[in-house]
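# Commentary on secondary and tertiary structure
So the chains spell out like this:
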Amino acid sequence: MVAKLTTSERQSAAVILLLVALAGIAMAAAGRNEAMGVHGLIVILFAGALLYPVLSAFYAPEPTEDRQASYYDDPIKVGIALAMGWAIFGMFMGVWVAAQLAWPNLHFDGAWSTFGRLRPTHTTGVIFGFGGNALIATSFHVVQRTSRARLAGQVSPWFVLFGYNLFCVLAVTGYILGVTQSKEYAEPEWYADLWLVVVWVTYFLLYIATIARRKEPHIYVANWYFMAFILVVAILHIVNNLALPISWGSAKSYTIWPGVQDAMVQWWYGHNAVAFFLTAGFLGMLYYYLPIRAGRPIFSYRLSILSFWGITFFYMWAGSHHLHYTALPHWVQTLGMTFSVMLLVPSWASAGNALLTLNGAWHKVRDDATLRFMMAAAVFYGISTFEGSFLAIRPVNALSHYTDWTVGHVHAGALGWVALISFGSIYTLVPALWKRERMYSPALIEWHFWLAIAGTLIYIFAMWNSGILQGLMWRTYTEEGTLAYSFLDSLVAMYPYYIARTIGGAMFLLGTAIGCYNIWMTIRLVPATVPEEADLPVKDAVVAGE
Amino acid sequence: MPEFFHRKIERSAIGFVLAIIAAASVGGIVEIAPLFTIDETVEEAPDMRVYTPLELAGRNIYVREGCYACHSQMIRTLRDEVERYGPYSLAVESKYDRPMLWGSKRTGPDLARVGGKYSDAWHVAHLINPRDVVPESNMPAYAFLARTALRTDDLSDHLRAQRRLGVPYTDEMIGNAAADAYGQAAPDSDFAAGVSERYGEATEVSAFDGVASRLTEMDALVAYLQVLGRLTSAAYENTAAPQEAPNPDN
């Protein structure tokens, strides 16, 4: 892949990697007695591992073909591989921590392996590792095809992809070492956060420059969502992570936001990480891969506009529903609840738009598990957004908050929506990218589909039961007017559901492993094919008159 | 007409970017900015004290271990919560908390008012192996805390960073941070008096982990757990609280 870069591009890649390695050396020296020093070594190793292929092909002959005449798919291929790798890691950690809740000695007396340290490796592994890599890879694919233009950079896509993965590695290793801000879904410490800002700004510039090269007058709807994802995640990440390190050599920092303001900023961030990372970006996937796979145009352009701007505007108000009945002022809670309920309109507009797009293609849904992944994702999206609006209503939240119901709700969205749409998109993308005529085994896609559906249903039914039971036990009174159950009574009642949840999660993980095998065999064994329509960007000359 | 307008903005990348930023900014600004300007957001509590260096170190261990994943520190304004855990939490009680640790999940009970509810010895035994004292518990064992010496050489840096963010630590507190951390866990030492002098007579000075000669992470975490809900008694005043504040002397 390095051989496809010109000499000057190879030079810039080498210089960037050397600078990263130097930063790693500085971290290792400044934090030599601390976790930050370990992170410095990890940065050096990461840069060194990438420097090796760059330097070994440094003097290879320059590429001769006209690169603008083809799409840039190499970073997408690597991104898909990284996404599947992180999926296995993140879901394995999820099954492990789920098992720890049922069998607490499964941390084997280690400090690094306690629930508190491993739980964020699961959330970061699946959200940022799996979800983030899937988003970067598919966004690179979608923006090129819908703009009919090649990515606006040769080195920058690699910088975005590997830089982002370096962030994920620093995050996950940090938790195990005890480096965390304990801000939910924003756990990484200040230097990892700063690094992500650099990577993310590059991502934005690359994306917008590619859109600027488009040969289509209109920006396709999938790109609206990817742009909203990139932009708003940048805003959320920067504001929520403003912090003061105790010294340049220490991983420890203190957030600038105190107490109640921190709570509001944190859940403004936390809920919109759901909105713009786990929803907007994946809706971008949905709006491209679902119509492609179904062979049908999007049902309604107007619904697309309504749902896009509804989601972009309403979601940012909804975070305070995480803080009902707390010390956050009542008026903010009420605003959050109101907008959360209103959010149902754009959310169902998207889900409905997706399902109505399938009209005329339902026989394909029956026969093609890949399309069924996307159909099921749209259904779960509809279900979990309804549940979200419902749980945001204050009296409902009184029962559900702090219980497993929230966990079940999150997984209805994360497994049922985010993971299923990703797998559907990846199964569509892999044969197209590697120019294979089909996936290796349709039967294995069926297996993956049904394991994923069964695992998700077992998981969310277990958590609905445990959450509602727990919430009811906490508020049950005896006839004498005293609390009927101790906290411990409610914990003991949870054990069967924690075991069921572990089984559901393990089934989902097994499905993902089958998916990895199927993708690997597709690349290795399925014969190459020439696509019927040329999958090429539009040459500048063709649209010179535009 | 709106459709016509949209067909125009979706032809301009920069226009679309600006429109997204505009639409997405409103909610956050309206909900966050007033929290700094409306005075009633955080109550007055003249008796509120800052965390001692040992308690702050304990809090940072709580942060490091991710305890918030299973324990909330926010008692809601609901009858059953007030009866189970104590008076509902006030905003002022976390005004020195960076980050706040209100949490979002109770796999274990709320800890906002756990201070003074159990003895130091109970906490130590529970942290070493929770199932020794609560057989049904699914909490991990934190025995390594009792084996790990507490790092004190950077405590002044911690206090200084907190002061730059607005926590009222004095120069004296910052200068004596390491000595105060040692003194708070060694009641018979010469350093113990300084802790009461700087942080108030009510500050608990105790060999938290049962061994006065050695300062461990267990000392710090137990000191923090014992001060939870006891930095101010504001929550017990005019809030129809059914209980009295735990007596700091027991």
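What you are looking at is a predicted structure, and each value in this text was computed from that prediction instead of being measured.

## So, the overall build of chain A
Looking only at helices and strands, chain A has 17 helices and 2 strands in total. Computed over its C-alpha atoms, the radius of gyration of chain A comes to 24 Å, within 12% of the 24 Å expected for a compact globule of 546 residues. Projected onto its principal axes, the C-alpha coordinates of chain A cover approximately 85 × 65 × 45 Å. Each of the 546 residues in chain A was classed as buried or not, and the buried ones make up 64%. For chain A, long-range pairs separated by at least 24 residues make up 82% of all intrachain contacts whose partners lie at least 6 apart in sequence. If you sum the accessible surface of chain A, you get close to 19400 Å²; carbon and sulfur atoms cover 71% of it.

## A few points about the overall build of chain B
Assigned secondary structure in chain B consists of 13 helices and 0 strands. Its helices and strands in sequence order give chain B the pattern α-α-α-α-α-α-α-α-α-α-α-α-α, from N to C terminus. C-alpha atoms of chain B, sized along the principal axes, occupy 80 × 45 × 40 Å. Relative to its 250 residues, chain B shows a buried fraction of 60%. A separation of at least 24 residues holds for 68% of the contacts in chain B among residues at least 6 apart in sequence. For chain B, the exposed area adds up to about 10300 Å²; of that, 55% sits on carbon and sulfur atoms. Across chain B, the centroid of the 24 positively charged side chains sits 9 Å from that of the 36 negatively charged ones.

## Points about the nonpolar core
Counting 191 residues, the largest nonpolar core has Phe-229 and Phe-277 of chain A as the members making the most contacts within it. Sorting elements by how many residues they give to this core places helix H8 (residues 259–294) of chain A first, with 22 residues. One finds Tyr-96, Ala-161, Leu-221 and Ala-234 of chain B within the second-largest nonpolar core, a separate group that totals 56 residues.

## Here we look at the packing of helix H4 (residues 115–147) of chain A against helix H6 (residues 190–212) of chain A
Two measures define how a pair of helices packs: the angle their axes make with one another and the distance between the axes. Residues and elements named next belong to chain A. Running from N to C, H4 and H6 point in directions that differ by 15°, and their axes come no closer than 9 Å. The angle between H4 and H6 places the two elements in the roughly parallel class. Like other packed secondary-structure pairs, H4 and H6 cross with a definite hand, here left-handed. In contact with Leu-135, Ile-136, Ser-139, Phe-140, Val-143 and Ser-147 of H4, H6 contributes Tyr-203, Leu-206, Tyr-207, Thr-210 and Ile-211. Taken together, the residues that form the contact of H4 with H6 break down as 8 nonpolar, 3 polar and no charged.

## Considering empty space enclosed by the protein
All names here are of chain B. By the definition in use, this model includes 8 cavities of 30 Å³ or more. Estimated volume of the second largest cavity: approximately 200 Å³. In this structure, the second largest cavity is lined by 19 residues; those nearest its centre are Glu-93, Ser-94, Asp-97, Ala-112 and Gly-229. A per-class count over the lining of the second largest cavity returns 10 nonpolar, 5 polar and 4 charged.

## Quick word on the domain arrangement of chain B
Looking at the assigned domains, one finds that chain B contains domain 1 (2–41) and domain 2 (53–236). Distance between the C-alpha centres of domain 1 of chain B and domain 2 of chain B: 41 Å.

## Some points on helix H15 (residues 404–433) of chain A
Residue and element names in this part refer to chain A. Spanning 30 residues, H15 covers 40 Å between terminal C-alpha atoms, matching the ideal 44 Å at 1.5 Å per step. At Ala-419, H15 shows its largest kink, close to 25°. With 26 of 30 residues buried, H15 is to be regarded as a mostly interior element. The N-cap residue of H15 is Thr-403: its side-chain oxygen and the backbone nitrogen of Trp-405 are 3.1 Å apart. Immediately beyond the C-terminal end of H15, within one or two residues, lies Lys-435, with a positive phi of roughly 55°.

## Remarks on the side chain of Gln-73 of chain B
All names here are of chain B. Here Gln-73 lies in the loop between helix H4 (53–64) and helix H5 (79–85). Reaching out from Gln-73, the side chain makes a polar contact with the side chain of Tyr-62 at a distance of 3.1 Å. Those residues in contact with Gln-73 that sit more than four places away from it in its chain are Tyr-62, Ser-89, Leu-101, Trp-102, Asp-110, Leu-111, Ala-112, Tyr-224 and Leu-228.

## Structural notes on the environment of Val-232 of chain A
The topology assignment puts Val-232 of chain A in helix H7 (residues 221–240). Residue classification places Val-232 of chain A among the buried positions, given a relative accessible area of 1%. Sequence separation between Val-232 of chain A and Phe-461 of chain A is 229 residues, and the spatial gap between their C-alpha atoms is 33 Å. Apart from the residues lying within four places of it in its own chain, the contact partners of Val-232 of chain A are Phe-276 and Met-316 of chain A together with Ile-20 and Ala-24 of chain B.

## What to know about the interface of chain A and chain B
At the junction of the two partners, chain A supplies 94 residues and chain B supplies 84 residues. Carbon and sulfur atoms make up 65% of the area that chain A and chain B hide from each other, which totals about 7900 Å². The largest contributions to the chain A side of the interface with chain B come from Tyr-254, Tyr-402 and Phe-487 of chain A, which together make up 11% of the buried area. At the surface where chain A touches chain B, the tally comes to 3 salt bridges. Asp-404 of chain A is the partner of Lys-105 of chain B in a salt bridge, and the nearest nitrogen-oxygen pair spans 3.1 Å.

## Regarding the state of the cysteines
Joining two cysteines, a disulfide is a covalent bond between their sulfur atoms. Residue and element names in this part refer to chain B. This structure, assessed with the given rule, holds 0 disulfides over all chains. Of the cysteine sulfurs around Cys-67, a residue in no disulfide, the closest is that of Cys-70, at 8.7 Å. Its relative accessible area of 16% is what places Cys-67 among the buried residues.

Definitions and limits used
Residues numbered from 1 in each chain as written. Chains lettered and ligands numbered in written order. Predicted model: local features only at pLDDT ≥ 70, side-chain atom pairs only at ≥ 80, totals over all residues. Heavy atoms only, no water. Helix = DSSP H or I, 4+ residues; strand = E, 2+ residues; numbered from the N terminus. Rg over C-alpha atoms; globule rule 2.2 N^0.38 Å. Buried < 20%, exposed > 50% of the residue type's maximum accessible area, 1.4 Å probe, protein only. Contact = heavy atoms within 4.5 Å. Areas by Shrake-Rupley, 256 points an atom, 1.4 Å probe, with all protein chains shown as cover. Lys, Arg positive; Asp, Glu negative; His and termini not counted. Charge placed at Lys NZ, Arg CZ, Asp CG, Glu CD. Core = buried A, V, L, I, M, F, W, Y, C linked by side-chain atoms within 4.5 Å. Axes fitted to C-alpha atoms, helices over the stretch in contact; angles between N-to-C directions. Parallel < 35°, antiparallel > 145°, perpendicular 65-115°, else oblique. Left-handed = near helix turned anticlockwise from the far one by under 90°. Nonpolar A, V, L, I, M, F, W, Y, C, P; charged D, E, K, R; others polar. 1 Å grid on protein atoms, 1.4 Å probe; cavity = no way out; pocket = protein on both sides within 12 Å on 5 of 7 lines; lining within 4 Å. Points joined across faces, edges and corners; volume = space filled by probe spheres on them. Domains from an automatic or database assignment. Expected span 1.5 Å × (residues − 1). Bend = angle between axes of the 7 residues up to and from the residue. Polar contact = N/O pair within 3.5 Å; in protein donor to acceptor, adjacent residues only side chain to side chain. Buried area = accessible area lost by both parts, 1.4 Å probe. Salt bridge = Lys/Arg side-chain N within 4 Å of Asp/Glu carboxyl O. Disulfide = S-S within 2.5 Å.

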